[in-house]
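Listed here are the chains, written in short residue letters.
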Amino acid sequence: KAGVTQTPRYLIKTRGQQVTLSCSPISGHRSVSWYQQTPGQGLQFLFEYFSETQRNKGNFPGRFSGRQFSNSRSEMNVSTLELGDSALYLCASSLAAGRNEQFFGPGTRLTVL
Amino acid sequence: GNSVTQMEGPVTLSEEAFLTINCTYTATGYPSLFWYVQYPGEGLQLLLKATKADDKGSNKGFEATYRKETTSFHLEKGSVQVSDSAVYFCALFSGNTGKLIFGQGTTLQVKP
């Protein structure tokens, strides 16, 4: 069974631009969560989607948004990029909402110049 | 609130040495506990888990026991290999928030 896939793997953007990251969960998994990883803050939860609905949200500004499609694929969008948004963005999938076993993709490395 | 604290790294060991990475947690209720491993340039891989007190998770020679009385979930391996060099993250899952909460990560370097 294929794992979690994320595209693109690397992105370079400039301040003020916006970016969209994509995540395809493991086949049969219906919940997708997003995490941001930075050297300073470590791994922080962004949001969780299940059945096309956002179930939980972390403590990030409104510039960070996401959505989930009927096939469980998810996208996250960051608008008006700031230098501090440079990070590894990780997507994790699980069978259902509230299921604790989450499987991570390889991440998208975003660099904001 | 819920939190996870790991021992600071880096941890440098010789091949075949014994490994312990300490992890303690603060949580309400009965969270599930995890160890994830991250190799350079990759995402997180689930290494092992435990869902209730006294459970022992194990995988690839790594073990950790869920100790409720000491709120700990220390990672151990009897004989490390160079290929175990990576960053290890302890995490808890809180059902009421639906998210994983991670420790800061511990870098392990194993020298031949």
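The sections below set out a description of the structure shown in this document. Computed from a predicted structure; not experimentally measured.

**Looking at the overall build of chain B**
Looking only at helices and strands, one finds 0 helices and 12 strands in chain B. Computed over C-alpha atoms, the radius of gyration of chain B comes to 13 Å, within 12% of the 13 Å expected from 2.2 N^0.38 for 112 residues, which places it in the range of a compact globule. Viewed in the frame of its principal axes, chain B has a C-alpha envelope of about 45 × 30 × 20 Å. Counting all 112 residues of chain B, 45% fall into the buried class. Contacts spanning at least 24 positions in sequence make up 55% of the contacts within chain B whose residues lie at least 6 apart. For chain B, the computed accessible surface area is about 5300 Å², with 47% contributed by carbon and sulfur atoms.

**Focus: the interface of chain B and chain A**
The partner chain A presents 18 residues to the 18 residues of chain B that form the contact. Counting each side, the surface lost to burial between chain B and chain A is near 1400 Å², with a carbon and sulfur contribution of 56%. Of all residues in chain B, the largest losses of buried area upon contact with chain A belong to Leu44(B), Phe93(B) and Phe102(B), amounting jointly to 27% of the total for that side. Joining chain B to chain A, the criterion identifies 1 salt bridge. Glu101(A) is paired through a salt bridge with Lys49(B); the nearest N and O atoms lie 2.2 Å apart.

**Some details on the sheet that holds strand S8 (residues 74–78) of chain A**
All names here are of chain A. Taken together, 4 strands build an open sheet; the order of strands is S1-S3-S8-S7 and the sheet is antiparallel. Of all the strands in the sheet, just strand S1 (5–7) and strand S7 (64–68) have a single pairing partner and so form its edges. For this sheet, the mean angle separating the axes of adjacent strands, direction not counted, is 20°. Where S7 lies against S8, 5 bridges are found, and the strand directions are antiparallel. The partner of Gly66 across the bridge, within S8, is Met76.

**Some details on the nonpolar core**
Core analysis: the largest hydrophobic core is formed by 26 residues, its most contacted members being Leu19(B), Trp35(B), Leu48(B), Phe73(B), Leu75(B) and Tyr88(B). For this core, the secondary-structure elements that each account for two or more residues are strand S2 (11–14), strand S3 (19–21), strand S4 (23–26), strand S5 (32–38), strand S6 (44–50), strand S8 (62–65), strand S10 (86–94) and strand S12 (106–111) of chain B. If you tally residues by element for this core, the top one is S10(B), at 4 residues. Among all residues touching Leu19(B), those that are not within four sequence positions of it are Val11(B), Leu13(B), Phe62(B), Leu75(B), Glu76(B), Lys77(B), Val80(B) and Leu108(B). Listed in part, the 21 residues of the second largest apolar core include Cys23(A), Leu46(A), Ala87(A) and Cys91(A).

**A short note on the state of the cysteines**
Residue and element names in this part refer to chain A. Counted according to the given criterion, the structure contains 2 disulfides over all chains. A sulfur-sulfur distance of 1.7 Å marks the disulfide that ties Cys23 to Cys91. Linking Cys23 and Cys91, the disulfide has an S-S dihedral of approximately -55° and is accordingly described as left-handed. Note that Cys23 is positioned in strand S3 (residues 19–24) and Cys91 in strand S9 (residues 87–94), a separation of 68 residues in sequence. Looking at Cys91, the relative accessible area reads 0%, which means it is buried.

**Let's talk about the packing of aromatic side chains**
On inspection of all chains with the given rule, the structure shows 12 aromatic pairs over all chains. Ring centres 5.7 Å apart and planes at 90° place the aromatic pair Tyr35(A) and Phe102(B) in the edge-to-face group. Here the residue Tyr35(A) occupies a position in strand S4 (residues 31–38), and Phe102(B) occupies one in strand S11 (residues 99–102), the pair thus bridging two chains. Accessibility assignment for this pair places Tyr35(A) and Phe102(B) in one class, buried. One aromatic cluster is present, built from ring pairs that chain together Tyr35(A), Phe45(A), Phe104(A), Phe34(B), Tyr36(B), Phe89(B) and Phe102(B).

**Focus: the pattern of salt bridges**
All names here are of chain A. Scanning the entire structure with this criterion turns up 9 salt bridges over all chains. Across the pair Glu82 and Arg63 runs a salt bridge whose closest N-O atoms are separated by 3.6 Å. Placement of the pair is Glu82 in the loop between S8 and S9 and Arg63 in the loop between strand S6 (53–57) and S7, with a sequence separation of 19 residues. Looking at Arg63, the relative accessible area reads 16%, which means it is buried. Within this structure, Arg63, Glu82 and Asp85 form a network of salt bridges that share partners.

Criteria and cut-off values
Residues numbered from 1 in each chain as written. Chains lettered and ligands numbered in written order. Predicted model: local features only at pLDDT ≥ 70, side-chain atom pairs only at ≥ 80, totals over all residues. Heavy atoms only, no water. Helix = DSSP H or I, 4+ residues; strand = E, 2+ residues; numbered from the N terminus. Rg over C-alpha atoms; globule rule 2.2 N^0.38 Å. Buried < 20%, exposed > 50% of the residue type's maximum accessible area, 1.4 Å probe, protein only. Contact = heavy atoms within 4.5 Å. Areas by Shrake-Rupley, 256 points an atom, 1.4 Å probe, with all protein chains shown as cover. Buried area = accessible area lost by both parts, 1.4 Å probe. Salt bridge = Lys/Arg side-chain N within 4 Å of Asp/Glu carboxyl O. Pairing = 2+ DSSP bridges. Axes fitted to C-alpha atoms, helices over the stretch in contact; angles between N-to-C directions. Core = buried A, V, L, I, M, F, W, Y, C linked by side-chain atoms within 4.5 Å. Disulfide = S-S within 2.5 Å. Phe/Tyr/Trp six-rings, centres within 6.5 Å; stacked < 30°, edge-to-face > 60°.

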